[in-house]
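Structural overview for review
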Amino acid sequence: MPTPLPTSTPVPASGRPAGGALPILAAALLWGTTGTAASLAPAAAPAAGIGAAALVLGGLLLFLTDRTARTLPRTCGARERRLLALGAVAVVGYPLTFYPAVARTGVAVATVIALGSAPVFTGLLGWLTRQGRPGGRWAGATGLAVLGCAVLVLGPELAGGGGAVDLLGVLLAALSGLSYAVYSLIGGRLIANGRPSGGVMGAMFGGAALLVSPVLLLLGGGGGAGWLLTPRGAGVVLHLGVITTLLAYRLFGRGLRHTIAQTATTLTLAEPAVAALLGVAALGERLPAASWCGLAVLAAGLTVLALPARR
């Protein structure tokens, strides 16, 4: 991992591609453990409650463990404060749309739509907001990665024939991809403006933790939060809050200092590959031949994007 440079002189993504790709891929590796960890939660734990609890814990840790996160809202200008607030709303939007999408469409379909749409949304929004027009290399690598991700994740369902698709679930999954794209772009813009990556991520996720707290209290009403007090429930939330939120988003923020958001969201398509391989190694799951082919295509797309471009 590269030594951080002074925040007043951020390095363009074209100058240090590997320096940004490695932390982002490491964050995707940590995010890939989310499904396995969540599957170990008590049966009484609602999916949205798990996501809200993890965001509250991880968001507060991101905010409290970085001094610049506590000072950034006071020292930045009014326009940047509005961006931080919008970023916090987008962070909240991801779990509140993704987990219901999973409940309606299943993990495979929701994951493909959310993660597959995020790079497309990021590229379009980045172009519309003048944060860089996607090039042919990005478009080709992203197309390969999205195709590989879809075949990898949907391989078991394609082999089994699949079922009807819930349109509302598809819309919710696409909204979660849009939320991810928005806070990635906002984080990338603020970091490119010279703001410290830890402060930007801490401020956005700290604000999101406060916003989502009522949701957690609502889901826990009437004794429904008793699963949080069990060893398994507390262990799952601790893992999701510390590993997949605190540590992963610290790495993601560092990667955004050297990589544009359009590239970053494509690189995080490595997450379902990690989750699939973890399921094979740790849970004894089997992948059909189509999924292994999708994994190879996904790896090819990410490799093209992660390697430095020829000058």
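An unreviewed UniProt entry lists the protein under the name DMT family transporter, with Streptomyces sp. Y1 given as the organism. The UniProt entry for the protein carries the following comment under Sequence similarities (unreviewed entry): "Belongs to the EamA transporter family."

A few words on the packing of helix 3 (residues 47-64) against helix 10 (residues 231-256). Their axes nearest at 8 Å, the elements helix 3 and helix 10 cross at an angle of 50°. When the axis of helix 3 is compared with that of helix 10, the two are oblique. Crossing hand, helix 3 versus helix 10: right-handed. On helix 10, the residues touching I50, A53, A54, L57, G58, G59, L61 and L62 of helix 3 are V236, V237, L238, L240, G241, V242, T245, L246, Y249 and R250. Looking at the contact of helix 3 with helix 10 residue by residue, the class counts come to 13 nonpolar, four polar and one charged.

Looking now at helix 12 (residues 270-282). Because an α-helix completes one turn every 3.6 residues, residues spaced three or four positions apart along the sequence face the same direction. Between its terminal C-alpha atoms helix 12 stretches 18 Å, which fits the 18 Å expected from 13 residues at 1.5 Å a residue. Among the residues making up helix 12, those that are buried are A270, E271, P272, A273, A276 and G279.

Within the structure shown, the criterion is met by one salt bridge. Close ionic contact of E80 with R195 constitutes a salt bridge, the shortest N to O distance being 2.8 Å. Highlighted residues: E80 in helix 5 (residues 78-105) and R195 in the loop between helix 8 (167-192) and helix 9 (197-219), separated in sequence by 115 residues. By relative accessible area, which is 13% here, E80 ends up buried.

The next thing to look at is the confidence of the model for the protein. Considering every residue of the protein, the mean pLDDT works out to 81; 85% of them sit at 70 or more. Mean pLDDT across the elements of the protein ranges from a minimum in helix 2 (residues 34-38), with 77, to a maximum in helix 10, with 93. Between residues 1-17, whose pLDDT stays under 50, and residues either more than four places distant or in other chains, the model counts 34 contacts.

With that settled, consider the packing of aromatic side chains. Inspection of every chain in the model, using the stated rule, returns 10 aromatic pairs. Where F205 meets Y249, the ring centres are 4.3 Å apart and the plane angle is 45°; that geometry is what we call tilted. Separated by 44 residues along the polypeptide, F205 in helix 9 and Y249 in helix 10 bring together distant segments of the chain. The class of Y249 is buried, set by a relative accessible area of 10%. Here the aromatic rings of Y249 and F252 are separated by 6.0 Å at their centres, their planes lie at 80°, and the arrangement is edge-to-face. With Y249 and F252 both in helix 10, this residue pair falls three residues apart, about one helical turn. Classification of F252 by relative accessible area gives buried; the value is 0%. Grouping aromatic residues by their ring pairs yields a cluster made of W31, Y94, F98, Y180, Y183, F205, Y249 and F252.

Calculation rules
Residues numbered from 1 in each chain as written. Predicted model: local features only at pLDDT ≥ 70, side-chain atom pairs only at ≥ 80, totals over all residues. Heavy atoms only, no water. UniProt positions renumbered as here; feature names shortened; annotations may be inferred. Axes fitted to C-alpha atoms, helices over the stretch in contact; angles between N-to-C directions. Helix = DSSP H or I, 4+ residues; strand = E, 2+ residues; numbered from the N terminus. Parallel < 35°, antiparallel > 145°, perpendicular 65-115°, else oblique. Left-handed = near helix turned anticlockwise from the far one by under 90°. Contact = heavy atoms within 4.5 Å. Nonpolar A, V, L, I, M, F, W, Y, C, P; charged D, E, K, R; others polar. Expected span 1.5 Å × (residues − 1). Buried < 20%, exposed > 50% of the residue type's maximum accessible area, 1.4 Å probe, protein only. Salt bridge = Lys/Arg side-chain N within 4 Å of Asp/Glu carboxyl O. pLDDT = per-residue confidence, 0-100. Phe/Tyr/Trp six-rings, centres within 6.5 Å; stacked < 30°, edge-to-face > 60°.

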